[in-house]
Every structure is written in C-alpha cells, then in structure tokens.
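# Overview (structure and organization)
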Amino acid sequence: MKVAAKMSFIELVSEPLSWYNKYNTLLMNSFPREGNMQFKQSLEKKWYSCENYFDMAALCYDLIVSYIGDMPEAVFISQYMDIGKTSETSNPNLKGLLKLENDVKTILYEEPFPPTQADSIWNLINHFADKALPFGDDKTNQAAVFMSILMGIDLYIEFLFEMKFQFSSNGPLNHTDRAGSLVYLKNKHSLLDTIKTTYSFRSSVSSGGIRDALSTLLLMKKADFFPTCNYPKIKPFSIHEGRTKIRTQLIEDKILKIAIIPNQKPNSFEFDEDSTPGSTFRVKYTNDQKTSIEKHCKWIETAIRHGANIIILPEFFTSQEILEGIKLWFKEKRPEVWMQESSLIAVFTGTTWHESDNNIMHLLDEQGNELGTYYKYSPFTQLPPNTEDSNTYKMCERLTTPGKESLLLDIEFVGRALPSICRDVIDGNFTEYLVKSFEPFLLLTSAYSASVQSFNRHYKSYASHYYVTSVLCNACAAVKGSQLSLCTVPMMQATEMTGYTKPIEKCRRKDTECLDSCIILLELDYSGHSERKIGKSPHISYHRCRNHVISVAKKSKK
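Residues numbered from 1 in each chain as written. Predicted model: local features only at pLDDT ≥ 70, side-chain atom pairs only at ≥ 80, totals over all residues. Heavy atoms only, no water.

### Re the overall build of the protein chain
Our working definition: Only DSSP runs of H or I covering at least 4 residues are called helices, and only runs of E covering at least 2 are called strands; the numbering of each starts at the N terminus. Only protein chains enter the accessibility calculation, which uses a 1.4 Å probe. A residue is then buried if its area is under 20% of the maximum for its type, exposed if over 50%, and partly exposed in between. Should any heavy atoms of two residues lie within 4.5 Å, those residues are considered in contact. In these tables, accessible area is a Shrake-Rupley quantity obtained with a 1.4 Å probe, and a residue counts as shielded only by the protein chains included in the view.
Scanning the protein chain from N- to C-terminus turns up 17 helices and 21 strands. Split into buried and exposed, the 558 residues of the protein chain put 53% on the buried side. Of the contacts made within the protein chain by residues no fewer than 6 positions apart, 74% connect residues no fewer than 24 positions apart. Total accessible area computed for the protein chain in this model is approximately 25,200 Å², and 50% of it derives from carbon and sulfur atoms.

### So, the pattern of salt bridges
In plain terms, the rule: The term salt bridge refers to a pairing of a side-chain nitrogen on Lys or Arg with a carboxyl oxygen on Asp or Glu at a separation within 4 Å.
As enumerated under the stated definition, the model contains 13 salt bridges in all. Its salt-bridge partner being Lys-376, residue Glu-315 comes within 2.8 Å of it at the nearest N-O pair. Here Glu-315 is found in the loop between β7 (310–312) and α12 (320–333), whereas its partner Lys-376 is found in the loop between β11 (370–375) and β12 (381–382), with 61 residues between them in sequence. You'll find Glu-315 and Lys-376 in the same group, each marked buried. Close ionic contact of Arg-416 with Asp-410 constitutes a salt bridge, the shortest N to O distance being 2.6 Å. Neither residue differs from the other here; Arg-416 and Asp-410 are each classed as buried. What you see here is one network of salt bridges that share partners, running through Arg-282, Asp-357 and Arg-398.

### Considerations on the packing of helix α15 (residues 430–438) against helix α16 (residues 453–466)
Stated formally: The axes are straight lines fitted to the C-alpha atoms, using for helices just the contacting stretch, and the angles between their N-to-C directions are given from 0 to 180°. What sets the label is the angle itself: under 35 degrees gives roughly parallel, over 145 gives roughly antiparallel, 65 to 115 gives roughly perpendicular, and the rest give oblique. Working rule for handedness: look at the near helix, and if it is turned counterclockwise from the far one by less than a right angle, call the crossing left-handed; if clockwise, right-handed. Note on residue classes: Ala, Val, Leu, Ile, Met, Phe, Trp, Tyr, Cys and Pro are nonpolar, Asp, Glu, Lys and Arg are charged, and everything else, Gly too, is polar.
Running from N to C, α15 and α16 cross one another at 15 degrees; their axes reach a closest spacing of 11 Å. Taken together, α15 and α16 sit at an angle that is classed as roughly parallel. Crossing of α15 against α16: the hand is right-handed. Together, Thr-431, Glu-432, Val-435 and Lys-436 of α15 and His-458, Tyr-462 and Tyr-466 of α16 make up the contact between the two elements. In terms of residue class, the contact of α15 with α16 is built from three nonpolar, two polar and two charged.

### Some points on the pairing of strand β20 (residues 520–525)
As a reminder, the rule being used: Being paired, for any two strands, means DSSP has found at least two bridges between them.
Within β20, five of the six residues are buried, leaving the element largely enclosed by the surrounding structure. Pairing of strand β4 (residues 255–260) with β20, which is carried by six bridges, proceeds in the antiparallel orientation. Bridge pairing in β20 places Ile-255 opposite Asp-525. Summarising the sheet, β20 and strand β21 (residues 539–544) pair through six bridges and their orientation is antiparallel.

### Digging into the nonpolar core
Stated precisely, the cut-off is as follows: Among buried residues, those of type Ala, Val, Leu, Ile, Met, Phe, Trp, Tyr and Cys that are joined through side-chain atoms within 4.5 Å constitute a nonpolar core.
Core analysis: the biggest nonpolar cluster contains 77 residues, and Leu-256, Ile-258, Ile-345, Phe-348 and Tyr-526 have the highest contact counts within it. Leaving out residues up to four positions away in the same chain, Ile-258 has contacts with Ile-310, Ile-312, Leu-442, Leu-444, Val-471, Ile-520, Leu-521, Leu-522 and Leu-524. Listed in part, the 55 residues of the second largest apolar core include Leu-97, Leu-100, Val-104 and Tyr-156.

### Some remarks on unusual backbone geometry
Glycine aside, residues mostly have negative phi angles, and peptide bonds mostly take the trans form. For the bond from Gly-171 to Pro-172, the omega torsion is -5 degrees, close enough to zero to count as cis. Inspection of the secondary structure assignment puts Pro-172 in the loop between α7 (138–162) and β1 (181–185). Despite not being glycine, Ser-200 has its phi angle at roughly 55 degrees, a positive value. Its place among the elements puts Ser-200 in the loop between α8 (193–198) and α9 (210–213). If you check the backbone angles, Lys-254 has positive phi at about 55 degrees while not being a glycine.

### Here's the deal with the layout of surface pockets
To keep things clear, this is the line we draw: In this analysis, the protein atoms alone were mapped onto a 1 Å grid. Cavities are point sets where a 1.4 Å probe fits without being able to get out; pockets are open sets with protein on both sides within 12 Å along at least five of seven lines; lining residues have an atom within 4 Å of a point. Grid points are joined across faces, edges and corners, and a volume is the space filled by probe spheres set on the points.
Volume-wise, the largest pocket comes out at about 840 Å³. Taken together, 28 residues form the lining of the largest pocket, with Lys-164, Asn-187, His-189, Glu-412 and Phe-413 sitting closest to its centre. Only α7, α8, β3 (233–237), α10 (244–253) and β14 (407–411) provide two or more residues apiece to the lining of the largest pocket. Ranked by the residues each element gives to the lining of the largest pocket, the list is headed by α7, at three residues. Of the residues that constitute the lining of the largest pocket, the class distribution is 12 nonpolar, seven polar and nine charged. In this model, the second largest pocket occupies a volume close to 630 Å³. The wall of the second largest pocket is formed by 26 residues, among which Asn-187, Lys-188, Lys-196, Ser-204 and Glu-439 lie closest to the centre. Every element with two or more residues in the lining of the second largest pocket is listed here: α8 and α9. For the lining of the second largest pocket, the class distribution of residues is 10 nonpolar, seven polar and nine charged.

Written out as structure tokens, the structure reads:
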C-alpha cells in the first residue's frame, strides 16, 4: 500500500482503520480448542474498530477481564505470566509470550501507521494461536496472549517516554464509547523520587494485578466509576525552558512553594435557602464585587511576589465576577519580564457557585488561562439537632450535576496534582476513589469547614498508602477552633509508612481586626537533606506574608 505523504505522529496515532474492514477475510481460523468461535466473534466485532494502539490496549484489557472471569488479576499474573518454582508449574508458553510482547513493541516502533500495526499484530495473534500449548484453563490461557500484547504496547509507550515525547492528553486516550475500559498514562516521576531513594521508602500499596504489571499504562473499568460523572481527564503541564528560576528550584533544590489564601472575614456570600425547594440551599454572593476583585488580585500578586508555585483559595468565596476579574488581571499585569521572573505554575481558584447550581473549582495556568474545572461531588449536609433520621436534613447543598468534571494536572518536575473540595475528602468516597485510581503526588483541597480533623484522618491514610502530599486551604470565616488548615506528607517511621501532619494555626488577630486575608506560604523540601527525629519525610515550613505588595511599593519610592 503506497502512502502519498508523510504524516505527523498525532495524525498517525489517530488514523482511522475503517478501510481495514476489507481484511475480514484474514480472520484467523486458528484456536481449534473449545471456545474458538467466541474468541473470533469477540475480535470480529471489536478489533477492527480500533483507531490507535490505545484502543487496542483497551480491547486487550476488556478481553483479559472477560476471559479470566472471577479469577483475581494477581492470581492470573502469577500463574500465567510468571515463572514458577519448577518447570512443571510454569506456563510452557512463557518464552513465546515474551517474544510476542517484544514483537508488538517492534511493530509499533517500525510501522508508523495504525492500520498496518493492527494488521501485523493480528498476524502475530494468529501465529501464536497455532503454536500455543495447552496450560490451565483454556480461556485464561487465551487471556495471557492479550496480556502480552498489552505489555508490548506498554513497552512502546515507555520508549516514547524515554524519548521525551509528550502527549497532548494523558487520558482518557482511547475512544471511551467503544470499550468497557479507560486508558490513561501513569505519572512516572515526582518531587518525591529523591526522598523515596534517600530514605528507602518501601513500595506503595499495590494489588499485584494488571496495573502493577504495566510500567506506563493505567487501565480501569468504566463500570467501576461513578455513573453520574464524566470520566476524569489528565492534562500534562510543561514548564517552559526559559523559566530558569523555577526549573532550578524544582529540579535542583526540589522545593515546592504553595500559597494558601484563607480569605477574610466577614463572608462575602450567604447560604440562600429561601429560593430552593425543601432543605436545599445555594450560594448567593452579597458584597461589593469590585472591591472583592481588587482584594483577590492583590492577594494573588502578593503570593506570586513571595515565590509561590501554586496558589489555592478556599471554598465558595470566588464568585463568577471575581473569577473573571482574576483572569483579566493576569492579562493586564503579565509583562513578559515579570512572568519570566515569576515562579507561578497554577492557581486553584477555590470554588465558584455557578447559576447552574454547581460548586466548581477552576484551574488557571501562570498566565491566567483556564486549564479546566473540577466539580464538587459530595454535598454539604447538616442534620437537625436531636434527630435520628439520617434522611432528614436541616441543610443540603444543591448540586445539580455533582462530579461532572474532574481535571488532574501532570506538572513537569512536580508530579500529578488532584483537586478536591471539602466533603469530597471528608466523606471518604469520591476523593478516595480518585486517589486510589490515579495515585497523585499532590492533593489540593479547598474547604469551608469548622474543623480540620476530619481531613487529617484521610490525609494520613493517603500519605501512608499512596505517598500523597495533601494541602488544605480552609476558609478562615468557617473555623471555630485554633487550627486553620494543615499539610500532610508521607513519612517513614522505623520501617512503617505513615503520614506527618503540619497544622497551620489561625493568626492571633481578633476577628474584628481582620480586615484583610493572611497569605500563608508553605515551603515543602523534597531534597532529603533534613531529617526529623520522629521519622523520615519531606520538610514542611510556613510563614505569613501579609500586605507584602504595599511594603514593596513603599520601598520603591525610596
């Protein structure tokens, strides 16, 4: 088949295989054992709809899950893909499966067009089927073939990573309407890597299943996800080579600076129960929006001037007018020189109550451009006093499409960052699923909560099991105790993994004196140079940098 012109890599991986239906006559007549017809029918319906190797990976995973049935994935891997203690206990096809795996990688490397890739891999399957020896359950033995193909695709993606290739999206990468699974990319590196090596952290909790057998691909079943939500998206985020200051800070110093802006008192909003049915409520913004925009922009500029890499605001405070004001401020205030000197990566804008009755966090890049959104999933609920009826609420947050969108950021030199909103963490449901599924390096939470203790319990669990660094930005106006927010990092204590929590205290000013927001700058040191007496972990410190913009202006006059 002649090709008229060369195509870009993105065009290559998305080139349709519709023409490939001509090759139905090539359907293999192999697999003479029982179950042959079911095997051929499954491929006949699905294989030809694959448009790139991510679709092939999803199809392989679907077939594996179908063929192994109730067998745990870890058992399948250990029995059919690993060498046994003796030759009698090993799968006799292992040598052929390993060759199949490497042949798939070679095909993807040497044959750039998806149609020819699919054709060649199909022929490999056909050839291997004729040579395969009986072992264990017949259908599970067939699953091992597709596991080898999946591992071959995984090897090829690893090769692309080594060549510094970056995809425009890290997931979902397959056509989700054609498969029962989702294909993402793992986040292979983070700021925690040096700490893991220096302090000899043990491996994080794993199931020993298919996801652990793969180096780069992250696969999950669609059926396991929350039915009312769109599938989470992962966006890669590069730091431009010209931004030498922040690249040096992250690559060499391994320091991450996160600014928490807990906002001021009194609240700039109220919970409106009168305009909603039953006990539900929505948020209504009440104060002078122009003044609030000016304050938010001043706070953000102060944080940037103090070297913040990531800025996070609390729940509810950022109205749609304030959000648009922040975006406009970035457009007007970002001269090229200032942006090069800035160390800002992203702004997690707290949450905004939208007219659609959704509580949404917006993610902005260093120039104020919107990267995407995260919709709150778990509503705030409050039971009436002295009630035993859990179905009766005094108040219930009115969320019309909870969890509709979830965006994770794969930040270069930092790691995978997952946003979260208040009850999503506390309820131990939505955020916990996302943490287990995507294993982020960083969890950033906007909240409006009277206490931080409920977060601490979950943060420590994420730190000890998945090595997650968690940062809470709580609203000062909501807090009743002395602790305002907190930060939790993974820590090795003797030989046990746990979490170390640094509480962030409220300032000592009286509420009546609080006319402006504190700006708390967290500094997280992942170099491994400092070690705690109680255990080994990244070092956390913080300080307040209030009204810095004003002091800078005064100095400049001198």
